[in-house]
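# Structural overview for review
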Amino acid sequence: MSTCPIIIALDWDAFYCSVEEHFNPELKKIAFAVQQKQIICTCNYVARAQGVKKLQLLVDAVKQFPDLVIVNGEDLSRYRDASKELWYFVREMVWGGKVERLGFDELFLDVTDMVDFNMTLLDNAHVAREFTRHSPHSVLSFFFRTSQQDPSMGFSCQLPSVAGNLATGSLPEDFTGDNLRLVLGSHLCHYIRSQILEIKGYTSSGGVSINKTLAKTAGATHKPNQQTVLFPEFAQDFLDRFDIGKIPWIGHKSKSIILDAIYKGTDGVNHDSDRTRDATVFNVRHVASKQLFTSSLGQSSGEKLWDLLHGVDSTTVQPTPDIPTQISIEDSFRSLTSIIEVQTVLRKLSNSLLDRMYIDLMDSNGDWLGHPQTARLSTRPRSTGYYGSRISRSDSLPSIVFSSSHSRDYIVDYLVDRCWMPLFSKLIGDTKTFDLVLLNVAVVNIDKAPAKTSDITSFFGKKHLVDNHVKDARREELVTKSGKGVGEHADLEPGLELPWQEDEDLIYEETSYRESCVVCGQRIMSFALEAHMRFHELVD
Ligand code: DCP
Ligand code: MG
Ligand code: MG
């Protein structure tokens, strides 16, 4: 009996552009790009056909494409709202709501139950007799049921034909068992994507396979408005041709660690330039070993990454909760050295944090859906570099943030003066001088609110008196062995760019989440940094 999961990965096409087009359909016909600070964070497919690239510097794009229309995308609220709406819509279609959000524009759907229920409806004798022969006469019209209760709900499809592209261009010999389940998954993926387009007006690219990594990787191969199925027997061949940096969750940092470990000579020196290092999955699998991975990346990260290169990913789809587990906002700098600068940044970050709390934690009646208990401030000293460890301190979150009777400015000042600055003093210790490259403010430990919570004083009366943040009661020292704070995934070993968590942050990070490129100094959204570094690899 087959047991492997059937996973669909969805990624909205040119997402920010699609949202803009939704509000202004005229844009559909023209080449346009969405700008955030000095970068084009995305562009529509009309623009891509002309050669405009995602993550191009604005100045270059405008010079190269003088007719390109630029839309300002600094305000993320519309994208966030659309992302949520699409997520809720998809969740309704998936049994048990097994849908995990990754960033704003990606979803993982575990449709195993839906597929297996429909497998039980298939005439097994027919399947066993006909579907192994590849006979054109063996086509079966099948009604895929999307409801267990209502037999009229569903859609028709032809079996064993596959809906969408094949990741390796080849069809399996055998269309029974897991392969047939994947075929059913491909039809379901097609149906879900069609519903999204018909009812919500958004196109997406989909991948269907037996785990999240394979589904996501497959889905990225045919875009826009297409889908791709990857059968397990072809998974290794499929992965082998990618650069390891293209495999989801293997970031720039992990890639360099792996390549350094492979190409380091016996004298401990790298003799090969980046360009001559063969970074294909095929090569890395053959010249490296699991032992080399674990010794360079740590036991757990090494094993996980080694498994990913072999198509093995046992992480399950974790349905995303309605309210986030934490909200964090950050900004990065070349060098932050004065208290005045720190205060200015903290004021700006506090404003963004409050915006985000209102959007993500408050319902349309103004009632709080979740109550963060803890405020956390993190930083990264310049001495540890742009990829260095963060250090964090945290304390109770002043309940004034939930107040509707104080002005925004008052709340922001209160937070800066009485929450963040005391935490900052603890962070930098006795030293009078500091040089920082990052500041992050976060609210964590978010409790789900009881049904009716508009009376904040009754809810917070016991735990969160307005002034309780200054109390010195048992403050956790949050710097751990690895230098990361609690909530910063302190238990992780270096190397694994922990995708799920990092991207969970992504959902809740603000536009200001930028880092400076160590090569050219440009300020780039941190999740774009890796792509940007690839750009350097190509041109330098
Ligand atoms: N985004 C961003 N900065 C980045 C990457 C993405 O601001 N470095 C934003 C803009 C994108 C959205 O996130 O619209 C989704 O990112 P994708 O990488 O999925 O890109 P698109 O959806 O725009 O295009 P595609 O059709 O290639 O998926
Ligand atoms: Mg996308
Ligand atoms: Mg995406």
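Above this text you will find the structure in question.
All residue numbers refer to position in the chain's written sequence, counted from 1. To label them, take the chains in the order written and letter them from A, then take the ligands in the order written and number them from 1. With pLDDT at 70 or above as the cut-off, local features in this predicted model cover only qualifying residues; side-chain atom pairs require 80 or more to be listed or tallied, and sums for whole chains, interfaces and linings still use all residues. Neither water nor hydrogens contribute to the side-chain values; these are computed over all heavy atoms in the structure.

## Here we look at the overall build of the protein
Basically, it comes down to this: What counts as a helix is a DSSP run of H or I of at least four residues, what counts as a strand is a run of E of at least two, and both are numbered from the N terminus. For the exposure calls, accessible area comes from a 1.4 Å probe over protein chains only, and a residue counts as buried if that area is under 20% of its type's maximum, exposed if over 50%, partly exposed in between. For this analysis, residues touch if any pair of their heavy atoms sits within 4.5 Å. For the area figures, the Shrake-Rupley method with a 1.4 Å probe applies, and any residue is considered shielded solely by the protein chains shown.
On a plain count of helices and strands, the protein comes out with 18 helices and 17 strands. Counting across all 540 residues of the protein, residues that qualify as buried make up 54%. Pairs at least 24 residues apart make up 69% of the contacts formed inside the protein by residues separated by at least 6 positions. Summing over all exposed atoms, the protein offers an accessible surface of approximately 24100 Å²; the carbon and sulfur share of this is 53%.

## Some thoughts on the sheet that holds strand S9 (residues 165-166)
Formally: Here the rule is simple: two strands pair whenever DSSP picks up at least two bridges between them. Here an axis means a line fitted to C-alpha atoms, over the contact stretch when the element is a helix, while the angle between two N-to-C directions is reported on a 0 to 180 degree scale.
Pairing in this open sheet of 6 strands is mixed, and the strands run S5-S6-S1-S10-S11-S9 from one edge to the other. Two strands bound the open sheet, and with one partner strand each, they are strand S5 (99-102) and S9. Bridge count between strand S1 (residues 7-12) and strand S10 (residues 204-209): 6 bridges; the pairing is antiparallel. Bridge pairing in S10 places Ala9 opposite Gly207. The strands touched by helix H4 (residues 77-93) are S1, S5 and strand S6 (106-110); relative to S5, the strand with the most contacts, the crossing angle is about 160 degrees.

## Description of the packing of helix H10 (residues 252-263) against helix H12 (residues 290-297)
To keep it simple, the criterion reads: Angle categories are assigned with fixed cut-offs, so that under 35 degrees is roughly parallel, over 145 is roughly antiparallel, 65 to 115 is roughly perpendicular, and the rest are oblique. Helix crossings fall into two classes, left-handed where the near helix is turned counterclockwise from the far one by less than a right angle and right-handed where it is turned clockwise.
Between H10 and H12, the shortest axis-to-axis distance is 10 Å and the interhelical angle comes to 120 degrees. Viewed along their axes, H10 and H12 adopt a mutual orientation that is oblique. In this structure, H10 crosses over H12, and the sense of that crossing is right-handed. Judged by residue contacts, Ser254, Ile257, Ile258, Ala261 and Ile262 of H10 engage Leu292, Phe293, Ser296 and Leu297 from H12.

## A closer look at the pairing of strand S14 (residues 391-396)
Where burial is concerned, most of S14 is hidden: 5 out of the 6 residues are buried. Pairing between strand S13 (residues 370-381) and S14: 6 bridges, direction antiparallel. Pairing of Ala375 across the sheet is with Asp395, part of S14.

## Remarks on the site of ligand 1
Under the convention used in this document: One heavy atom suffices: a residue is near a molecule or strand as soon as one of its heavy atoms comes within 4 Å of it. Identification of polar contacts relies on pairs of N or O atoms within 3.5 Å, with a donor-acceptor requirement for protein atoms, meaning one able to donate a hydrogen and the other able to accept it, and with residues adjacent in sequence counted only if both atoms are side-chain atoms. Under the convention adopted here, Pro, Cys and the residues Ala, Val, Leu, Ile, Met, Phe, Trp and Tyr are nonpolar, Asp, Glu, Lys and Arg are charged, and Gly plus all remaining residues are polar. Residue ranges assigned to each domain were obtained from an automatic or database domain assignment.
Among the 18 residues in the neighbourhood of ligand 1, the closest are listed as Ala14, Thr42, Tyr45, Lys54 and Asp105. A distance of 2.6 Å separates an oxygen atom of ligand 1 from a polar side-chain atom of Tyr45. In this structure, an oxygen atom belonging to ligand 1 sits 2.8 Å away from a side-chain N or O atom of Lys54. In isolation ligand 1 exposes 550 Å². Once the protein is present, 89% of that is buried. The residue inventory of the shell around ligand 1, partitioned by class, reads 10 nonpolar, 2 polar and 6 charged. Both domain 1 (7-12 + 76-236) and domain 3 (326-539) contribute no fewer than three residues apiece to the shell around ligand 1.

## Looking at the environment of Phe238
The residue Phe238 is located in helix H9 (residues 235-240) in this model. Along the chain, Phe238 and Thr168 lie 70 residues apart, while their C-alpha atoms are 6.1 Å from each other. Ignoring anything within four residues of it in the chain, the contact list for Phe238 reads Ala167, Thr168, Thr217, Ala218, Thr221 and Leu230.

## With respect to the coordination of the magnesium ion (ligand 2)
Put simply, the rule reads: Each metal's donors comprise the N, O and S atoms found within 2.8 Å of it (within 3.2 Å for Na, K or Ca). Water is not part of the atom list, so some coordination spheres may appear incomplete. Here a site with four donors is tetrahedral if all angles are between 85 and 135 degrees, and a site with four or six donors is square planar or octahedral if opposite donors are over 155 degrees apart and the other angles are between 65 and 115; anything else gets the irregular label.
On the protein side, the magnesium ion (ligand 2) has Asp11 (OD), Trp12 (O) and Asp105 (OD) as donor atoms, found 2.0 to 2.2 Å from it. One can describe the site at the magnesium ion (ligand 2) as octahedral: its 6 donor atoms subtend angles covering 79 to 176 degrees at the metal. Metal-to-metal, the separation of the magnesium ion (ligand 2) and the magnesium ion (ligand 3) is 3.5 Å; Asp11 coordinates the two. Of this pair, Trp12 sits in strand S1 while Asp105 is found in the loop between S5 and S6, placing the two residues 93 residues apart along the sequence. Of the two residues examined, Trp12 and Asp105, each falls in the buried class.

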